[in-house]
Amino acid sequence: MEKKRYALVTGGSRGIGRAICVALAANGYHILINYKGNKEAAEETARLVAEQGTLATLLCFDVAARDGVRKVLTQWAEDNKDAVIEILVNNAGIRNDTLLPMMADDQWDTVLDTNLQGMYNVTKQVLTPMLLHRYGRIINIVSLSGIKGMPGQVNYSAAKAGVIGATKALAQEVGKRNITVNAIAPGFIKTDMTGELNEQELSAMIPVKRFGTPEEVAALAAFLASAQAGYITGQVISVNGGLYT
Ligand code: NDP
């Protein structure tokens, strides 16, 4: 019997993650919507996924909490032996900006724990079944900051650059099993994360003169997650309106 094909999107409750959930559902995937605490927003994503005609399951866990990630994903796998996760999108992320001399240890730790350790914690759980399935797509949402570095974001730039390194290394480990691993580096995208930035002022330095939309990031994620993208791996692709990186 053919297994039900699922995509797991971390941080699927809002912003870029929500748009990716909807785009992957439109391509026929059932969606595991991970979120940290915002159940109402996750339920809204589930509604949008259901509109596309596929199943949506909410999975609440903190990607930074290794034991919790393991527990929830192991339980889900045990309860769903007829299902396989073909797509993993490591999207959950936070920023907590300040110049390094002012940075509290906790600001460093939480940003690294969520953005970098989170990617490890979730990927580790999903990878072995994907290897056995001999097909998979892993997409890591990184950032312009992880490519060029941004002042005031030493923690976030370090975390995202770490994920870029992991993307390139893992792509080489798993290519022979038909699993691709790529990173998407958004620039300024209109979400809660960029809500308090001065959009007008920042738009002036972006060649296309505006912030991007979550859907514009999701369109690339959907392509990289498709079977057609099987010869693209280990890449970091920017979606940033032409900002020089
Ligand atoms: P939002 O702040 O809009 O949404 C963040 C999402 O991540 C929410 O779904 C949130 O869940 C979830 N999340 C946060 N922390 C955790 C955690 N510890 N465990 C599980 N889920 C968590 O962010 P964006 O949509 O803007 O960002 C998505 C990704 O894109 C991030 O990795 C970010 O770094 C990256 N990015 C964003 C850019 C932008 O301009 N917006 C630019 C470059 C990169 P909940 O709703 O439960 O809180």
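Look up a bit, the structure's there.
In this numbering scheme, every chain counts its residues from 1 along its sequence in written order. The model is predicted, so local features are restricted to residues of pLDDT at least 70 and side-chain atom pairs to those at 80 or more, both for listing and for counting; the totals for chains, interfaces and linings are taken over all residues. Computation of side-chain values: all heavy atoms of the structure, hydrogens and water removed.

Participant: Any chance you could explain the overall build of the protein here in plain terms?
Facilitator: What the protein contains, in helices and strands, is eight helices and seven strands. To get the radius of gyration, use the C-alpha atoms; to get the globule rule, take the number of residues to the power 0.38 and multiply by 2.2 Å. Radius of gyration (C-alpha) of the protein: 17 Å, near the 18 Å computed for a compact globule of 245 residues. Summarising its shape, the C-alpha atoms of the protein cover approximately 55 × 40 × 35 Å along the three principal directions. For the protein, the separation between the mean place of its 24 positive charges and that of its 23 negative charges on side chains is 7 Å. Per the convention used, a helix needs a DSSP run of H or I reaching at least four residues, while a strand needs a run of E reaching at least two, with both numbered from the N terminus. In this tally, Lys and Arg are treated as positive and Asp and Glu as negative; His is ignored, and so are the chain termini. Taken as the charge centre is NZ of Lys, CZ of Arg, CG of Asp or CD of Glu, depending on the residue.

Participant: How do you make sense of the packing of aromatic side chains when you look at a structure like this?
Facilitator: To describe a pair of aromatic rings, you give the distance between the ring centres and the angle between the ring planes. A pair of Phe, Tyr and Trp rings is counted when the ring centres sit within 6.5 Å of each other, with Trp represented by its six-membered ring. The angle between the planes then sorts it: under 30 degrees is stacked, over 60 is edge-to-face, the rest tilted. Counting across every chain of the model gives two aromatic pairs. Centroid distance Tyr6 to Trp76: 5.1 Å. Interplanar angle 75°. Geometry classified as edge-to-face. Remark: Trp76 occurs in helix 3 (residues 66-79) and Tyr6 occurs in strand 1 (residues 4-9); sequence separation between them is 70 residues. No difference in accessibility class separates Tyr6 from Trp76, as the two residues are buried. Considering the side-chain rings of Phe188 and Phe211, the 5.3 Å spacing of their centres and the 15° angle between planes classify their relative orientation as stacked. Note that Phe188 is positioned in the loop between strand 6 (179-186) and helix 7 (199-203) and Phe211 in the loop between helix 7 and helix 8 (214-224), a separation of 23 residues in sequence. Three exposure classes are used, based on accessible area relative to the maximum for each residue type with a 1.4 Å probe and protein chains only: buried under 20%, partly exposed in between, and exposed over 50%.

Participant: Even after reading the chapter, I still don't get the nonpolar core, so can you show me in this structure?
Facilitator: The nonpolar side chains of a soluble globular protein tend to be buried, and buried together. Nonpolar cores are built from buried Ala, Val, Leu, Ile, Met, Phe, Trp, Tyr and Cys residues. Side-chain atoms within 4.5 Å join them into one set. Ranked by size, the top nonpolar core spans 31 residues in total, and within it Ile20, Leu24, Ile31, Val89 and Ile184 carry the most contacts. Elements represented by at least two residues in this core include exactly strand 1, helix 1 (15-26), strand 2 (30-35), helix 2 (39-51), strand 4 (83-90), strand 5 (136-141) and helix 8. It is helix 1 that contributes the most residues to this core, seven residues altogether. Membership of the second largest hydrophobic core comes to 23 residues, among which are Leu8, Ile138, Ile179 and Val181.

Participant: How should unusual backbone geometry be read in this particular structure?
Facilitator: With glycine set apart, most residues show a phi of negative sign, and most peptide bonds adopt trans. A positive phi angle is found at Arg134, which is not glycine, with a value near 60°. Within the secondary structure layout, Arg134 lies in the loop between helix 4 (105-133) and strand 5. Of note in the backbone geometry, Lys209 takes a positive phi value of approximately 65° without being a glycine. Here Lys209 falls in the exposed class, since its relative accessible area comes to 52%.

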